[in-house]
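# Fold and contact review
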Amino acid sequence: MHRKLPAITPENSAFWQGGAEGRLMIHHCDACAKWFHPPAPICPHCASRGVSAKAVSGRGSVYSFTVNRQAWDADLAEPYVVATVELAEQRGLRFVTNVIDCPVQTVSIDMPVAVRFMQQEDIWLPLFAPEAA
């Protein structure tokens, strides 16, 4: 499935291109030690400029989700899961993604997931699949 790709900026390049090395890169503040997403040049927690992208484990859990059954584009295979995943590194560190590699009816709240990357051009999209037991 081809997706609309984001514009690469100095702030977000590590996030969108870290998958080339198999790493999920999330911004971290050196001053308050908090993680945050989306990437930004200033920490949203303490306003420090001492921020940088660092690799996280790539593990998390499904915080919320919906199953989309509408083919919004001819290239979109439906149904598919749109989920908010909370990363293991910090409570409240969440982002919107897709859950893949499982039947949509098996996705559930708190389901353990792990990152998988889908490359399109120079972007590595972080998607999540059920974590192997």
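Notes on the structure follow. The structure displayed is predicted, hence computed values, not measured ones.

### Overview of the pairing of strand E5 (residues 80–87)
- Burial of E5 is extensive: 7 of the 8 residues sit out of reach of the surface.
- Examined bridge by bridge, strand E4 (residues 59–68) and E5 share 8 bridges and lie antiparallel to one another. The residue bridging Val62 from the neighbouring strand is Val85, located in E5.
- Across 6 bridges, E5 lies against strand E6 (residues 94–99) in antiparallel orientation. Bridge pairing in E6 links Ala83 to Thr97.

### A short note on the sheet that holds strand E3 (residues 51–56)
- Strands sit in the order E2-E1-E3 across an open sheet of 3 strands; the sheet is antiparallel. Edge positions in the sheet fall to strand E2 (35–36) and E3, since each has one partner strand and no second.
- Sheet topology places strand E1 (residues 24–29) next to E2; 2 bridges connect them, and they run antiparallel. Bridge pairing in E2 places His27 opposite Phe36.

### Remarks on the nonpolar core
- Ranked by internal contacts, the top residues of the largest apolar core, which has 22 residues, are Leu24, Ile26, Val62, Leu87, Phe95, Val99 and Phe128.
- Contributions of two or more residues to this core are made by helix H1 (13–17), E1, E5, E6, strand E7 (112–120) and strand E8 (123–130).
- Ranked by residue count, the leading element in this core is E5, at 4 residues.
- Among all residues touching Phe128, those that are not within four sequence positions of it are Leu24, Gly58, Val85, Leu87, Phe95, Thr97, Asn98, Val99, Ile100, Val113, Ala114 and Val115.

### Thoughts on the pattern of salt bridges
- Scanning all chains against the criterion turns up 4 salt bridges.
- For Asp30, the salt bridge identified is with Lys54, shortest N-O distance 3.2 Å. Remark: Lys54 occurs in strand E3 and Asp30 occurs in the loop between E1 and E2; sequence separation between them is 24 residues.
- Across the pair Arg59 and Glu131 runs a salt bridge whose closest N-O atoms are separated by 3.2 Å. Here Arg59, found in strand E4, pairs with Glu131, found in the segment after E8; they are 72 residues apart in sequence, far enough to count as distant.
- Using a relative accessible area of 40% as the deciding quantity, one classes Arg59 as partly exposed.
- Judged by relative accessible area, Glu131 falls into the partly exposed class, the value being 31%.

Rules used in this analysis
Residues numbered from 1 in each chain as written. Predicted model: local features only at pLDDT ≥ 70, side-chain atom pairs only at ≥ 80, totals over all residues. Heavy atoms only, no water. Buried < 20%, exposed > 50% of the residue type's maximum accessible area, 1.4 Å probe, protein only. Helix = DSSP H or I, 4+ residues; strand = E, 2+ residues; numbered from the N terminus. Pairing = 2+ DSSP bridges. Core = buried A, V, L, I, M, F, W, Y, C linked by side-chain atoms within 4.5 Å. Contact = heavy atoms within 4.5 Å. Salt bridge = Lys/Arg side-chain N within 4 Å of Asp/Glu carboxyl O.

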